[in-house]
Amino acid sequence: MGGSQESGHDGGRVGAKAKRGLRANGPVVFLGALFVVSVSTRCSSRLDGSGSTDAGASSGASSGASTSGASTSIPPIDEDSGSDAGLFLGVVSSDASGETDAADAALASDSGPVSCPADGGACDIPPSICRDSNHAAYFTNPRCVDGLCAFDMQTLDCPSGCNNGGCILNVTK
Amino acid sequence: VTRDAPELRPLAWGRIALGALFLLRTTPLLLPTHLPFTVGTFPLLGWPATGWQGAPLGIALPPVALAIACIVRTVAAIGFLLGVWTRGCGIVACAIGYLVMAQTPFGFNATLHLLFQGTLVLAIGDAGVLYALRGEPIRNPRSSQLLVRALLASVYFWAGFCKLRPDWLDGRTLALFHTEKAISGAFADLVLAAPWSQALVARVIVTTELSLPVLLFWRRTRAWAPLLALAMHASIELAAHPDLLGWEMAALLLCLWPPVPASPT
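Basis of the calculations
Residues numbered from 1 in each chain as written. Chains lettered and ligands numbered in written order. Predicted model: local features only at pLDDT ≥ 70, side-chain atom pairs only at ≥ 80, totals over all residues. Heavy atoms only, no water. Buried < 20%, exposed > 50% of the residue type's maximum accessible area, 1.4 Å probe, protein only. Helix = DSSP H or I, 4+ residues; strand = E, 2+ residues; numbered from the N terminus. Pairing = 2+ DSSP bridges. pLDDT = per-residue confidence, 0-100. Contact = heavy atoms within 4.5 Å. Disulfide = S-S within 2.5 Å.

### Describing the pairing of strand E4 (residues 148-157) of chain A
Phase 1 of the analysis: Burial runs high along E4(A): seven of the 10 residues are buried.
Phase 2 of the analysis: Between strand E3 (residues 135-145) of chain A and E4(A), which pair antiparallel and follow one another directly, the connecting turn spans two residues, one of which, Asp146(A), has a positive phi of 55°.

The structure is reproduced here in structure tokens:
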């Protein structure tokens, strides 16, 4: 009985001490709590896609975009490989919402693979596009294959999201 | 000077907060959140090298040395956080942090720069006296706090000074960031809705940043200047969701707590 009273006293003393400590160090505890709330909020906004900068903007040629023919479809992103270069013969695409961004507009001017210039000049490299909300695709190595312009496509990770064919800038880095 | 000096506790808070941020930014602790700044933090920031490696400062570490450097940096950061040989650990964490950052051309970023600078400033001061597993002897708490104040003032001054250009002051830069969704969200959409508000916000930011160095030092205002600074960082956090820079500034601002009221004289 006496022992339990003593342990109750001890518990009370520890509780009071913890309270005092918490009060004395309020600012740092408050800052820590605020940080946890901020990170949780940013995480949840990323998960539900309603986030702003973190969630990124989904536009451009998504992997589910309509394309004209197998030779022009955008291959799915291979998460295991950093750079999934592949032969790419022009593209016509629009995103799910029907919006066409600047990159799409440039590409959508052709309704299929782009023919090589008649004068034998080099094919124009198309602007980069967004493959999905977190990956941008850009084109290199323009060449002529069977009279059509072909390019290698490289994928770039966009940690802050992809918009208008480019990775979103993280303002304060 | 005794351990009752009012500056010691806030300095220790700052050390704990900045040490925690150091570990969160350079280790995979926050990786499950998939926040942008966690990219490249596995197993540790800078190791393995995922970006473009080089030797912009002429010191190119081989991969094994780079891995060891990252481990030592992390151990030193833990020591700094827990207050074990705070001074040595802080200096080592800062030096190796810069060394690893210098392995990547264009690897410099302001968040890491401030993190390392802040760690150094706290390490060489009296931040390791209280709340430390192995408390350091007191040297000069007031001078330590003054050093933190000077670092904060210099950050605000240069941030404001560099924005004194027409394309910032007329709101064009903010408009561009807003269009590109680098600054977005309901709060940003509200305050950056029109050209006049973009210009107004741009000027308020510059004015605040250029005022803070004075307010942080002036006897009459230095009591509440940290609160003004914290309010500015909170607004930026809401609008731009930047890297951890705002939190690092908040950790350093903690060192100036509690605000010392102006003396009657």
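### Comments concerning the confidence of the model for chain B
For residues with low pLDDT, the predicted coordinates do not support detailed interpretation.
Phase 1 of the analysis: Predicted confidence across chain B gives a mean pLDDT of 90, with 94% of residues reaching 70 or more.
Phase 2 of the analysis: Confidence over residues 260-265 of chain B falls short of pLDDT 50; this stretch has four contacts with residues more than four positions distant or in other chains.

### What about unusual backbone geometry?
Phase 1 of the analysis: Here the amide bond leading from Phe42(B) into Pro43(B) is cis, since omega sits at -5°, within 30 degrees of zero.
Phase 2 of the analysis: Along the chain, Pro43(B) turns up in the loop between helix H1 (8-26) and helix H2 (63-82).
Phase 3 of the analysis: Even without a glycine there, the phi angle at Asp146(A) is positive, about 55°.
Phase 4 of the analysis: Counting through the fold element by element, Asp146(A) comes out in the loop between E3 and E4.
Phase 5 of the analysis: Look at Asp146(A) and you get exposed, because its relative accessible area is 77%.
Phase 6 of the analysis: Located in the positive-phi region is Asn164(A), a residue other than glycine, with phi close to 55°.
Phase 7 of the analysis: Along the polypeptide, Asn164(A) turns up in the loop between strand E5 (162-163) and strand E6 (166-167).
Phase 8 of the analysis: Look at Asn164(A) and you get partly exposed, because its relative accessible area is 39%.

### Looking at the state of the cysteines
Residues and elements named next belong to chain A.
Phase 1 of the analysis: If you walk through the whole model with that rule in mind, you get four disulfides over all chains.
Phase 2 of the analysis: What pairs with cysteine 123 in a disulfide is cysteine 149, and their sulfur atoms sit 2.1 Å apart. On the sign convention where negative means left-handed, the S-S torsion of about -90° between cysteine 123 and cysteine 149 marks this disulfide as left-handed. Of this pair, cysteine 123 sits in the loop between helix H3 (102-108) and strand E2 (129-132) while cysteine 149 is found in strand E4, placing the two residues 26 residues apart along the sequence.
Phase 3 of the analysis: Accessibility expressed as a relative area gives 8% for cysteine 123, which makes it buried.
Phase 4 of the analysis: Judged by relative accessible area, cysteine 149 falls into the buried class, the value being 2%.
Phase 5 of the analysis: Note that cysteine 130 is cross-linked by a disulfide to cysteine 162, the S-S spacing being 2.1 Å. Given an S-S torsion of about -90°, the disulfide between cysteine 130 and cysteine 162 has left-handed geometry. With cysteine 130 in strand E2 and cysteine 162 in strand E5, the pair connects residues that are 32 residues apart, well separated along the chain. In this structure, cysteine 130 and cysteine 162 share a single accessibility class: buried.

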